[in-house]
Each structure stands twice: as C-alpha cells, then as structure tokens.
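# Topology and contacts: notes
Listed here are the chains, written in short residue letters.
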Amino acid sequence: ALCYAKQFSRGKIVMFEQNHAEHILSAARLTKFLTDADLANELSVRFQPIWNCAEMKLIGFETLARWESPILGSVPPNEFIPAAESSGFITTITSIIFEKALMAATNWPKDLKIGLNISAVDISNDDTVKVVEKLCEKYGIEKRRVTIEITETAAMQDFERSNHCLSEFKKAGMSIAMDDFGTGNSSLSYIQNLPLDHVKLDRSFVQSAEGETKGRQIASTVIELCKALELGCIAEGIESEAQLKAIQLLGCKAFQGYYFSVPMQPDQTLSYIEKHLKM
Ligand code: C2E
Ligand code: CA
Ligand code: CA
Ligand code: CA
C-alpha cells in the first residue's frame, strides 16, 4: 500500500488508504461480534414496497437485512454486510435473510414480487442459486416472483463468474436487477453483457433530479437507455412528491422510497397490501 501511495500524487491516495484502513479495522471488530452472534435470531428482514405509478399498482417488496446485536444495538447493513463478506459470514447471513424473506412472502398475493440483494461473495458461490431454488420450493414461491439485485461493484469483481451466476438465476426463472446503477465503476458493458431485466436508478440521481440539474440529465439518460434496451427502470430513494413527479416526467414507471414507505416489518406488509389492494 505504501509503494502505491508513493507512486502517485500523495494527498489523494493517502486519504484513500486511510479511509480504507479505517474500514478494515471496523470490519475486523464487527467480525468478532459476528462470530459470537446468534445470527438466526439477531438477523431480521424489512420490506420496502416498489410501486408501478403508471398503473398505480404495488409491484412487490425489496428485502432489506437488519442486525440487532444485544451488545452493539442495531448495526446498519452497509456496515455488517462488508464485514460479513470479508469474513465469510455472508453465506450464512444470505441464507438466513432469504429464508426469512421467502417465509414472509408465503402470505402475500401470488402476483407480488420479492427482491433479494446478493453480494459479490454470494455470486462467486455456485450454491447460491440452489439455495434460493430450494427455499422457493420449501415456501411454495414461484421463482418468477424473485428478483435478484446485484450492484455494479459486486458484478465487476469477477465479471465471468457474475455472468455465469446471473445466467443460472435466469435459467431458474428469476429476474435480475442491477442495483445502484451509476454509482459503481459504471460500465455500459455490464448492461450489454449481463442478463439483466431491470436497472435500479440510484437515489443520488433521483434526489438531485428537480430542476435543470446534472442529476436530472443523468436520470433521463439512464431511463432512455433502459427503454431502448427494453429493461425495466426502478427509481430508488423517492422521498417527496416533487422527486416522484420529476422522475415520472422523464418516463420512469417504477418507484421505491420513503415517500411510499420506509422498510417495514414482515407482519406490517400484510396490512399494507390489504390497504393498497382495496384502493
Ligand atoms: P440498497 O440495496 O440500495 O437498498 C436501499 C437502501 O436505501 C436501504 O438502506 C433503504 O432503507 C434505503 N432507502 C430506501 N428508500 C430511501 C429513501 O427514500 N431515502 C433514503 N435516504 N434511503 C432510502 P439499508 O436498508 O440501510 O441498506 C443499505 C444497503 O445494504 C442496501 O442498499 C444493500 O446494498 C445492502 N443490503 C441490505 N440488505 C442486504 C442483504 O440482505 N444482502 C446484501 N448482500 N446486502 C444488503
Ligand atoms: Ca437493493
Ligand atoms: Ca440500491
Ligand atoms: Ca445502495
């Protein structure tokens, strides 16, 4: 790392290395707590609704992991997922989360979709597809209802493996969404070469899309690209009606964000569904 820092203009690289070191340190600490944790009980799921606003229809829910540690309190997934990835706990966590998600979905109407996030480690594991298939069977969930969400950053770690793994999910009948589109080391070749069905427009563009902004231009370009390639586009992080309208004007139909609902407990999904089916 030091050699690397010396080779290039100092300030920037050193800053990067420092941030990186900090991250590794806290991941190492978290790993210790993950080791001692009773993950099957301390992990839980939340569900955030995804809406098709062109048809005013609830499409389904994205599953979001939560870890309530008796010692640390609630640890956000942005912290424990990376720690779990580098320590190998992610495989266990992924199957616990998927099981809780699909179990909850047994009570939903059969046309609602279930979004599941997978990490870079999951994608290089041949068993991930089988785990999901088995759980779908166990809980009687049709595989076409499952959408696998993967970030660009995860996909790029090993393109060939990602391509292979995502193709297996597709063969099994599931859909694939590219998550946080535009924030990773974006490359249009992912869109060209991976077997995608949807793109999730990152909230950073959504939230800067009001007025004549660069964010709006980027959002518009991504939405047009999706249309041209016949990919679904889901705008993430909608917090206000103004943001919804701004993105809707650009031709996007599917939305997710606090404006509709914060991620909810599994049992809350039922009253939410009931309320919105009656509309
Ligand atoms: P993500 O997949 O992009 O999920 C969306 C995140 O944005 C969630 O944060 C959600 O609570 C938050 N969010 C939703 N609507 C809004 C909004 O209107 N405004 C703002 N500011 N935020 C909004 P969360 O639950 O903290 O998850 C963070 C990230 O952790 C996720 O980002 C995902 O990358 C990862 N993650 C969560 N659950 C899992 C999981 O089960 N497996 C894996 N591999 N990663 C997960
Ligand atoms: Ca996601
Ligand atoms: Ca996202
Ligand atoms: Ca994200």
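Residues numbered from 1 in each chain as written. Chains lettered and ligands numbered in written order. Predicted model: local features only at pLDDT ≥ 70, side-chain atom pairs only at ≥ 80, totals over all residues. Heavy atoms only, no water.

Per an unreviewed UniProt entry, the protein chain is named Diguanylate cyclase, and its organism is Maritalea myrionectae.

Attention shifts here to the overall build of the protein chain. Scanning the protein chain from terminus to terminus reveals 14 helices and nine strands. Once local pairs closer than 6 in sequence are excluded, the contacts in the protein chain between residues at least 24 apart make up 68%. Approximately 14,500 Å² of the protein chain is accessible, and the part contributed by carbon and sulfur atoms is 54%. (Helix = DSSP H or I, 4+ residues; strand = E, 2+ residues; numbered from the N terminus. Contact = heavy atoms within 4.5 Å. Areas by Shrake-Rupley, 256 points an atom, 1.4 Å probe, with all protein chains shown as cover.)

Before going further, it helps to examine the coordination of the calcium ion (ligand 3). The protein atoms that coordinate the calcium ion (ligand 3) are Asp-179 (OD), Asp-180 (OD), Glu-236 (OE) and Glu-236 (OE), at distances spanning 2.2 to 2.4 Å. Separating the calcium ion (ligand 3) from the calcium ion (ligand 2) is a distance of 4.1 Å, and Asp-179 supplies a donor atom to each of them. Relative accessible area serves as the criterion here: at 6%, Asp-179 is assigned to the buried category. (Donors = N, O, S within 2.8 Å, 3.2 Å for Na, K, Ca; no water. Buried < 20%, exposed > 50% of the residue type's maximum accessible area, 1.4 Å probe, protein only.)

Further remarks concern the environment of Ser-124. Of note, Ser-124 is situated in the loop between α6 (120-123) and α7 (127-139). For the pair Ser-124 and Glu-160, spaced 36 residues apart in sequence, the C-alpha to C-alpha distance is 9.6 Å. Here Val-121 takes part through its backbone oxygen, which lies 3.0 Å from a polar atom of the side chain of Ser-124. (Polar contact = N/O pair within 3.5 Å; in protein donor to acceptor, adjacent residues only side chain to side chain.)

Once that is clear, we can look at the pairing of strand β1 (residues 43-52). Among the 10 residues of β1, nine are classified as buried, and the element is accordingly described as predominantly covered. Where β1 lies against strand β2 (residues 57-69), 10 bridges are found, and the strand directions are antiparallel. Bridge assignment links Trp-51 to a residue of β2, and that residue is Leu-58. Between β1 and β2, which follow one another and run antiparallel, lie four residues, and Met-56 among them has a positive phi close to 50°. Here two bridges tie β1 to strand β9 (residues 254-255), and the two strands are oriented antiparallel to one another. Bridged to Asn-52 within β9 is Ala-254. (Pairing = 2+ DSSP bridges.)

Our focus in this paragraph is the packing of helix α5 (residues 90-105) against α7. For the pair α5 and α7, interaxial distance at closest approach is 10 Å and the crossing angle is 30°. By the criterion of interaxial angle, the relationship of α5 to α7 is roughly parallel. In this structure, α5 crosses over α7, and the sense of that crossing is right-handed. Contacts between α5 and α7 involve Ser-95, Phe-98, Glu-99, Leu-102 and Met-103 from the first element and Val-131, Val-132, Leu-135, Cys-136, Lys-138 and Tyr-139 from the second. Residue classes in the contact of α5 with α7 are distributed as eight nonpolar, one polar and two charged. (Axes fitted to C-alpha atoms, helices over the stretch in contact; angles between N-to-C directions. Parallel < 35°, antiparallel > 145°, perpendicular 65-115°, else oblique. Left-handed = near helix turned anticlockwise from the far one by under 90°. Nonpolar A, V, L, I, M, F, W, Y, C, P; charged D, E, K, R; others polar.)

Tallied over the entire structure, the rule returns eight aromatic pairs. With 4.8 Å between their ring centres and 45° between their planes, Phe-61 and Trp-108 make a pair best called tilted. In this pair, Phe-61 sits in strand β2 while Trp-108 sits in the loop between α5 and β4 (113-117), placing the two residues 47 residues apart along the sequence. Here Phe-61 matches Trp-108 in class, with each residue buried. Their ring planes at 80° and their centres at 5.8 Å tell us that Trp-67 and Phe-80 sit as a pair that is edge-to-face. Here Trp-67, found in strand β2, pairs with Phe-80, found in helix α4 (residues 77-87); they are 13 residues apart in sequence, far enough to count as distant. (Phe/Tyr/Trp six-rings, centres within 6.5 Å; stacked < 30°, edge-to-face > 60°.)

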